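One-letter residues, chain by chain:
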Amino acid sequence: MKKLRLGILASGCGTNLQSLIDGCSDNSLSAEIAIVICNNPDAGALMRAEKAGIKTCCINHRDFDERAAFDRKVVQHLQESGVELVALAGFMRIIGPIFLDAFPQQIINIHPALLPAFPGLHVQQQAIDYGARFSGCTVHFVDSGVDTGPIILQAVVPVFEGDSAEDL
């Protein structure tokens, strides 16, 4: 059976990426990671991908005068790698129209909150500050809004008294 070719975009340490690597390795995901692209040259995700033998590419957004030029470069690398589905795994950039048009309904985001509550950044702290009793994770399709696309699945975790954003 043909495996789905994934392109993973990450900006940070790569814990979400590691889960995807593990899922591909143990065949709990019928997929293979074709490329990992980071916009941060210091991202731990690059090291995780390299350790797993996955093709990597660093495209630093700071090297571009405009968002569209950055998006075109990322899209080019994804298309050249034969990517069928793009997963944003801790990718800290807003996706623009060039990207959305190149991969319509083929971009998913892993968001560390129960959407539609707490979109955007620092969501664990937002949940704690609000006094939420539960938080979690949402996987959703990416659209032109910020964390507004159709929800694919969610998982719930309790927020315990005294939890910090890092704990959550």
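So, here is what we can say about the structure in this document.

About the cut-offs
Residues numbered from 1 in each chain as written. Predicted model: local features only at pLDDT ≥ 70, side-chain atom pairs only at ≥ 80, totals over all residues. Heavy atoms only, no water. Helix = DSSP H or I, 4+ residues; strand = E, 2+ residues; numbered from the N terminus. Rg over C-alpha atoms; globule rule 2.2 N^0.38 Å. Buried < 20%, exposed > 50% of the residue type's maximum accessible area, 1.4 Å probe, protein only. Lys, Arg positive; Asp, Glu negative; His and termini not counted. Charge placed at Lys NZ, Arg CZ, Asp CG, Glu CD. Pairing = 2+ DSSP bridges. Axes fitted to C-alpha atoms, helices over the stretch in contact; angles between N-to-C directions. Contact = heavy atoms within 4.5 Å.

## Some points on the overall build of the chain
Scanning the chain for helices and strands turns up five helices and seven strands. Ordered by position from the N terminus, the helices and strands of the chain form the series β-α-β-α-β-α-β-α-β-α-β-β. Taking 168 residues into account, the globule formula puts the C-alpha radius of gyration at 15 Å, and the chain, at 16 Å, falls close to it. Here the C-alpha coordinates of the chain stretch approximately 45 × 40 × 30 Å along the principal axes. In the chain, which comprises 168 residues, the proportion classed as buried is 42%. Here the chain holds 12 positive side-chain charges and 19 negative ones, and the gap between their average locations is 6 Å.

## As for the pairing of strand S6 (residues 134-141)
Inspection of the sheet shows strand S5 (residues 107-111) paired to S6 by four bridges, in the antiparallel sense. Residue Ile-108 lies in a different strand from S6, and its bridge partner there is Phe-141. Here S6 runs beside strand S7 (residues 151-158); their pairing, made up of seven bridges, is antiparallel. Opposite Ser-135, over in S7, you have Val-157 as the bridge partner.

## A short note on the sheet that holds strand S1 (residues 4-10)
The seven strands are arranged S3-S2-S1-S4-S5-S6-S7 in an open sheet whose pairing can be described as mixed. Two strands bound the open sheet, and with one partner strand each, they are strand S3 (56-58) and S7. Averaged over all pairs of adjacent strands, the angle between their axes in this sheet comes to 20°, without regard to strand direction. Strands in contact with helix H2 (residues 44-51) are S1, strand S2 (31-38) and S3; relative to S3, the strand with the most contacts, it is inclined by about 160°. Lying over the sheet, helix H3 (residues 67-80) contacts S1, S2, S3 and strand S4 (85-88), oriented at roughly 155° with respect to S2.

By themselves, these observations are geometric and do not establish any function.
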